[in-house]
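Here is what each chain is made of, one letter per residue.
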Amino acid sequence: MFSFDLLLDALVIGTLLGCFYAAVSLGLSVAFGLLDVPHVAHPAFLVLASYAVFFLNENFGIDPLLAGLLITPLFFLFGLLAYRVYYETFERRGSDAGVRGIAFFFGIAFIIEVLIILQFGVDQRSVTADYVGKAWRLGDMRIPFRLVVAFAVAAALTILLTLYLSRTFMGRAIRAVAQDQEALRLMGANPIRIKQWAFGIATAVLGIAGALLIIVAPVEPTLDRTYIGRTFCVVVMAGLGSMSGTLVAAIILGVAETIVLTLFGASWAPAISFAMLLGVLAVRPQGLFGRRS
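Novice: How should I be thinking about the overall build of the protein in this particular structure?
Specialist: Regarding its fold elements, the protein presents 11 helices and 2 strands. For the protein, the α and β elements follow one another from N to C terminus as α-α-α-α-β-β-α-α-α-α-α-α-α. By the compact-globule yardstick of 19 Å for 293 residues, the protein fits well, its C-alpha radius of gyration being 19 Å. On the principal axes, the C-alpha backbone points of the protein span a range of 60 × 45 × 35 Å. Burial statistics for the protein: of 293 residues in total, 52% are counted as buried. For the protein, long-range pairs separated by at least 24 residues make up 75% of all intrachain contacts whose partners lie at least 6 apart in sequence. Between the centroid of the 20 positive side chains of the protein and the centroid of its 17 negative side chains there is a distance of 9 Å.

Here is the structure:
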């Protein structure tokens, strides 16, 4: 039976897991939610960041979180380049850019997957750190340190990104670019450069998120296929572009996954994200925190 103790475990672990899901979804919330870029390669970028963290940890003994910080500038530049190619090739050419852009990002995702396999093979990879493999014991409950780390980092990322988007000129411009590009042009701002900058930020966040991914569990080259449903579920359920909504939606998904895992087993847990995504699109297409257009 599903006892009160199991429910309490599911709520605690699910909340921590949900914060981790928020961290890996924040970049997509910017790219897809605010910029309307069909960034289906987001999970592949995430896995690539995890392997970069693994490389630094394995060869130089760098702490995974510090390694994530070190690769963040490189991923920012990678994001600038990726958006520029996407814009020049697809977005500037017409209204069907979204459909062709999906094919473009799917192609990038497959290229990244192949490159990872060629470099690291198909085996799972993990990192070593003092907080990996340890847990707090509260009564009969064991709380993994790695999830506590993910919780803290996800909360910090959400707060920082929310403050950046609401308190800085560039952040407000990023929010405005999806609503009225002509008004931005009248103010002397270049919407394309703003979107490129925003996509760079969305990709840079994956440096930290990739570190959390490999801290929480071992990674493999095809792991992006598992997270594509989870990340899009979180972003759509939150309401496109809502940073705080992303955190809340991710916690809801984390708790739901944990309950399903407890009741029905691990094989059913990944399916809950697709079920919740379809449910939200059917009942409230604008998301839990989105506004009706």
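Resuming the write-up.
Novice: Explanation requested: the environment of L69 in the structure shown.
Specialist: Mapped onto the elements, L69 comes out in helix α3 (residues 64-89). In this structure, the C-alpha to C-alpha distance between L69 and L206, residues 137 residues apart in sequence, is 9.8 Å.

Novice: Any chance you could explain the packing of aromatic side chains here in plain terms?
Specialist: Aromatic ring pairs: the centre-centre distance and the angle between the two ring planes describe each pair. Inspection of every chain in the model, using the stated rule, returns 21 aromatic pairs. Aromatic side chains Y86 and F104 sit 6.2 Å apart centroid to centroid with 35° between the ring planes, which places their arrangement in the tilted category. Of the two residues, Y86 is situated in helix α3 and F104 in helix α4 (residues 97-120); the sequence distance between them amounts to 18 residues. Comparing Y86 with F104 shows no difference in burial state: the two are buried. Note on F104 and F105: the rings are 5.0 Å apart at their centroids and 70° apart in plane angle, and the pair reads as edge-to-face. The pair F104 / F105 is uniform in exposure class, with both members buried. By way of ring pairs, the aromatic residues Y83, Y86, Y87, F90, F104, F105 and F199 are connected into one cluster. Looking at R230, its charged tip hangs above the ring of Y227, at a distance of 5.1 Å from the centre.

Novice: Which parts of the structure should I look at to understand the packing of α3 against helix α8 (residues 191-216)?
Specialist: Packed helix pairs are specified by the crossing angle of their axes together with the interaxial distance, meaning the distance between the axes. α8 packs onto α3 with a crossing angle of 145° between their chain directions and a minimal axis gap of 6 Å. Judged by the twist between their axes, the crossing of α3 over α8 is right-handed. Grouping the constituent residues of the contact of α3 with α8 by class yields 20 nonpolar, 7 polar and 2 charged.

Novice: Mind showing me how you'd approach helix α1 (residues 4-34) here?
Specialist: The periodicity of an α-helix, 3.6 residues per turn, causes residues three or four positions apart to be oriented the same way. The principal kink in α1, of about 40°, is found at S25. For α1, a buried count of 22 out of 31 residues is recorded, marking the element as mostly surrounded by other parts of the structure. Of the residues trailing α1, D36 is marked for its positive phi of about 60°.

Novice: I tried to follow a nonpolar patch on the surface on my own but got confused; where do I start?
Specialist: Taken together, I111, V114, L115 and L118 make up a surface patch of nonpolar side chains, about 420 Å² in accessible area. L118 gets classed as exposed once you look at its relative accessible area, which sits at 67%.

Novice: When you look at the confidence of the model for the protein in this model, what are you seeing that I'm missing?
Specialist: Predicted coordinates in regions of low pLDDT should not be interpreted in detail. When pLDDT is averaged along the protein, the result is 87; 96% of the residues meet or exceed 70. When mean pLDDT is taken per element in the protein, helix α2 (residues 42-60) scores highest with 96 and helix α7 (residues 181-186) scores lowest with 71.

Novice: Is there a simple way to explain the pattern of salt bridges in this structure?
Specialist: Between side chains of opposite charge, a pair can form when the charged atoms approach closely. Going through the model one piece at a time under the given rule, you end up with 3 salt bridges. Close ionic contact of E88 with R84 constitutes a salt bridge, the shortest N to O distance being 2.9 Å. Of the two residues, E88 and R84 are both situated in helix α3; the distance of 4 residues between them amounts to about one turn of the helix. On the basis of relative accessible area, R84 is assigned to the partly exposed category, the value being 28%. The closest approach of N and O atoms between R225 and E113, which form a salt bridge, is 2.5 Å. Pair noted here: R225 is in helix α9 (residues 224-238) and E113 is in helix α4, with a separation of 112 residues, a long-range link.

Novice: I'm lost on α2 in this one. Help?
Specialist: Taking 1.5 Å per residue, 19 residues should reach 27 Å; α2 reaches 27 Å between its end C-alpha atoms and fits that length. G61 sits one or two positions beyond α2 and adopts a positive phi of about 70°.

About the cut-offs
- Residues numbered from 1 in each chain as written.
- Predicted model: local features only at pLDDT ≥ 70, side-chain atom pairs only at ≥ 80, totals over all residues.
- Heavy atoms only, no water.
- Helix = DSSP H or I, 4+ residues; strand = E, 2+ residues; numbered from the N terminus.
- Rg over C-alpha atoms; globule rule 2.2 N^0.38 Å.
- Buried < 20%, exposed > 50% of the residue type's maximum accessible area, 1.4 Å probe, protein only.
- Contact = heavy atoms within 4.5 Å.
- Lys, Arg positive; Asp, Glu negative; His and termini not counted.
- Charge placed at Lys NZ, Arg CZ, Asp CG, Glu CD.
- Phe/Tyr/Trp six-rings, centres within 6.5 Å; stacked < 30°, edge-to-face > 60°.
- Lys NZ or Arg CZ within 6 Å of the ring centre and 35° of its normal.
- Axes fitted to C-alpha atoms, helices over the stretch in contact; angles between N-to-C directions.
- Left-handed = near helix turned anticlockwise from the far one by under 90°.
- Nonpolar A, V, L, I, M, F, W, Y, C, P; charged D, E, K, R; others polar.
- Bend = angle between axes of the 7 residues up to and from the residue.
- Patch = residues over 30% accessible without salt bridge, like charges linked within 9 Å, V, L, I, M, F, W, Y side chains within 5 Å.
- Areas by Shrake-Rupley, 256 points an atom, 1.4 Å probe, with all protein chains shown as cover.
- Salt bridge = Lys/Arg side-chain N within 4 Å of Asp/Glu carboxyl O.
- pLDDT = per-residue confidence, 0-100.
- Expected span 1.5 Å × (residues − 1).

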